[in-house]
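# Commentary on secondary and tertiary structure
The primary structure of each chain is shown beneath.
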Amino acid sequence: MGTSSRQKKQRSPEDNRPGIWVGYGKLVKLFRNRAGLTQETLAEAVGYSYEQVASIEQGRRPANPRSPNERNWF
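Parameters at a glance
- Residues numbered from 1 in each chain as written.
- Predicted model: local features only at pLDDT ≥ 70, side-chain atom pairs only at ≥ 80, totals over all residues.
- Heavy atoms only, no water.
- Core = buried A, V, L, I, M, F, W, Y, C linked by side-chain atoms within 4.5 Å.
- Buried < 20%, exposed > 50% of the residue type's maximum accessible area, 1.4 Å probe, protein only.
- Helix = DSSP H or I, 4+ residues; strand = E, 2+ residues; numbered from the N terminus.
- Axes fitted to C-alpha atoms, helices over the stretch in contact; angles between N-to-C directions.
- Parallel < 35°, antiparallel > 145°, perpendicular 65-115°, else oblique.
- Contact = heavy atoms within 4.5 Å.
- Nonpolar A, V, L, I, M, F, W, Y, C, P; charged D, E, K, R; others polar.
- Expected span 1.5 Å × (residues − 1).
- Arc of directions from axis to C-beta.

### Here's the deal with the nonpolar core
Counting residues in each nonpolar core, the largest one holds seven residues, listed as Val 28, Leu 42, Ala 43, Val 46, Tyr 48, Val 53 and Ile 56. Counting residues per element, the ones that place at least two in this core are helix H2 (39-46) and helix H3 (50-57). Among the elements that line this core, the one with the most residues is H2, at three residues.

Below is the structure:
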C-alpha cells in the first residue's frame, strides 16, 4: 500500500474551537472555492462582512441561522 501525500493536520491541545465550527468552516471554504468565489464576493452575496466569512471559514465563529425568506449561502 502507498502512503498518502495528504496528511491529516492534528489540532493542538490549546485549540478550543468547537470541532463542528472547524468542520463547517472547511466545507464553506471548499464550496466557495469550487464556486469560484472570493471571500468578499461570498460575503456580499449572503449579507455578511468579509471578516465574518473569514472567521467562519477559520472555525472561529458559527454562521448565524437565517430566516427562511433570506438568501441561502449557495
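### Here's the deal with the packing of H2 against H3
It is the contact of H2 with H3, at a shortest axis distance of 8 Å, that shows an interaxial angle of 110°. Taken together, the axes of H2 and H3 lie roughly perpendicular to each other. Side by side, H2 and H3 meet where Gln 39, Glu 40, Leu 42 and Ala 43 of the first sit next to Tyr 50, Val 53, Ala 54 and Glu 57 of the second. Its residues assigned to classes, the contact of H2 with H3 shows five nonpolar, one polar and two charged.

### Side note on helix H1 (residues 19-34)
What sets the pattern is the α-helix's 3.6 residues per turn: residues three or four places apart point alike. For H1, spanning 16 residues, the distance from its first C-alpha to its last is 23 Å, which sits close to the expected 22 Å at 1.5 Å a residue. Along H1, the positions that sit buried rather than exposed are Val 22, Gly 25, Val 28 and Arg 32. Down the axis, H1 shows its buried residues gathered within 125° of arc, on one side only. Facing away from the buried side of H1, by more than 90 degrees, are the exposed residues Ile 20, Lys 26 and Arg 34. On the buried face of H1, the contacting elements are H2 and H3. Positive backbone phi, at 75°, marks Gly 36, one or two positions downstream of H1.

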